[in-house]
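# Commentary on secondary and tertiary structure
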Amino acid sequence: MRRGIGLLLIAALLLAVSGCGTDREAEPAVPHAVVVGFSQLGAESSWRIANTESMVNAAASYGYVLMMENANQKQELQIKSIRSFIASRVDVIVFSPIVETGWDNVLREAQQAGIPVILMDRMIETSDDSLYTAYVGADFYAEGVRAGEYLIRKADALGAEHMNIVEISGTIDSTPMRDRQRGFMDAIAGDPRFTVIDSISGDFLRSKGEECMTTLLDRYGADGIDVVYSHNDSMTLGALDVMDRAGIRPGQDIVVITVDGEKEAVAELKKGRINCIVQCTPALGGSVMALVQGLTDGRIVPKISHPVEGTYSDLDDLDDPEMEGF
Ligand code: GZL
């Protein structure tokens with residue numbers, strides 16, 4: 001008797017598992033909303049704030065759930081966020097690595113969890129580029145070259161025999177700092193008119209840009225500096241404040257070259273207080289979410305994507321409508 005009941009129970013269980021016992025058609029799997037884990041490195045500049053806005057707006061336009069965590073300039077918090085995204089089993093991880101090194105272990109964990117990683121804005125240094133699926137961001141080396149090429153044009157226009165250059169660089173070991181410096185140095189290499197006399201990091205912060213300019217003027221005096229090459233507008237705007245207080249006319253007494261293209265810097269360019277802005281667009285969200293769409297559709301996506309960027313300067317048309325800033 002008991003054997004019969006046992007067999008009945010097994011049969012019922014098999015029917016339930018197979019679904020044959022139900023009279024409804026199998027419910028179609030309801031596609032879940034795509035969940036994107038996004039680690040933003042901080043809020044250090046107008047560029048970063050505009051970049052975050054671009055990511056939030058793009059995710060909303062795609063109907064994606066964006067789990068965003070801000071690391072406040074700390075790599076260890078980015079690593080912690082990536083681990084929490086893995087634990088939450090998000091569909092895709094996106095992050096802007098504050099520096100290039102130290103990511104292999106956590107990205108290997110993401111890879112083992114089968115979660116694709118998109119690098120947004122900055123690159124990583126690794127011997128295993130399978131650890132990330134795609135990179136969306138500027139060609140920072142080309143940005144540095146454009147800054148150097150402008151300076152050559154400016155020296156020609158001024159008939160300058162020699163120019164002492166000081167550099168206010170971005171976050172040490174970040175991709176934009178490394179490559180904006182390398183591109184600029186390569187562009188002016190071999191031209192005897194130029195000497196880079198110093199380089200100090202302002203960490204992309206306006207307050208540190210002020211500190212750097214103060215230090216550089218203390219070291220060399222206004223007469224000892226002909227050009228300031230600054231890796232972002234936030235630091236440049238801080239440097240302008242210091243020059244004003246020192247009675248220096250930025251853009252006239254000292255040539256000012258900057259990178260990004262935020263509205264406040266464009267306004268200074270139009271007033272002749274900045275000579276050149278190398279554009280670096282923060283609007284990367286649309287490209288990132290298009291890659292997410294490709295990945296969730298099972299398509300192959302490009303490994304490297306660069307936005308198209310320009311250069312605004314006092315040697316070009318300052319009324320160019322393209323030159324509005326962000
Ligand atoms: C560049 C970005 C840099 C900007 C700065 O893509 O990483 O970081 O140039 C920002 O303004 O802080």
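Cut-offs applied
Residues numbered from 1 in each chain as written. Predicted model: local features only at pLDDT ≥ 70, side-chain atom pairs only at ≥ 80, totals over all residues. Heavy atoms only, no water. Pairing = 2+ DSSP bridges. Helix = DSSP H or I, 4+ residues; strand = E, 2+ residues; numbered from the N terminus. Axes fitted to C-alpha atoms, helices over the stretch in contact; angles between N-to-C directions. Contact = heavy atoms within 4.5 Å. Salt bridge = Lys/Arg side-chain N within 4 Å of Asp/Glu carboxyl O. Domains from an automatic or database assignment. Buried area = accessible area lost by both parts, 1.4 Å probe.

### Quick look at the sheet that holds strand S8 (residues 227–230)
The six strands lie next to each other as S7-S6-S8-S9-S10-S12, forming an open sheet whose pairing is mixed. Of all strands in the sheet, those with a lone pairing partner are strand S7 (194–201) and strand S12 (311–313), marking the two edges. In this sheet, adjacent strand axes meet at a mean angle of 15 degrees when their direction is disregarded. Strand direction decides the pairing type here: strand S10 (residues 276–279) and S12, joined by three bridges, are antiparallel. Within the sheet, the bridge partner assigned to Ile 277 lies in S12 and is Tyr 312. Docked against the sheet, helix H7 (residues 206–220) engages strand S6 (163–169), S7 and S8, running at close to 135 degrees with respect to S7.

### Thoughts on the pattern of salt bridges
Evaluated as defined, the whole model comprises 25 salt bridges. Of the charged contacts, one joins Asp 244 and Arg 273 as a salt bridge, the two residues approaching to 2.9 Å between their closest N and O atoms. Pair noted here: Asp 244 is in helix H8 (residues 233–245) and Arg 273 is in the loop between helix H9 (263–270) and S10, with a separation of 29 residues, a long-range link. Among the charged side chains, a network of salt bridges with common partners joins Glu 44, Arg 48, Asp 121 and Arg 122.

### Some remarks on the domain arrangement of the protein chain
Here the domain parsing of the protein chain yields domain 1 (35–138 + 282–307) and domain 2 (140–280). Here the C-alpha centroids of domain 1 and domain 2 sit 30 Å apart. Taken residue by residue, the interface counts 14 residues in domain 1 and 16 residues in domain 2. With both sides pooled, the region where domain 1 packs onto domain 2 buries about 1,200 Å², and carbon together with sulfur makes up 51% of that total.

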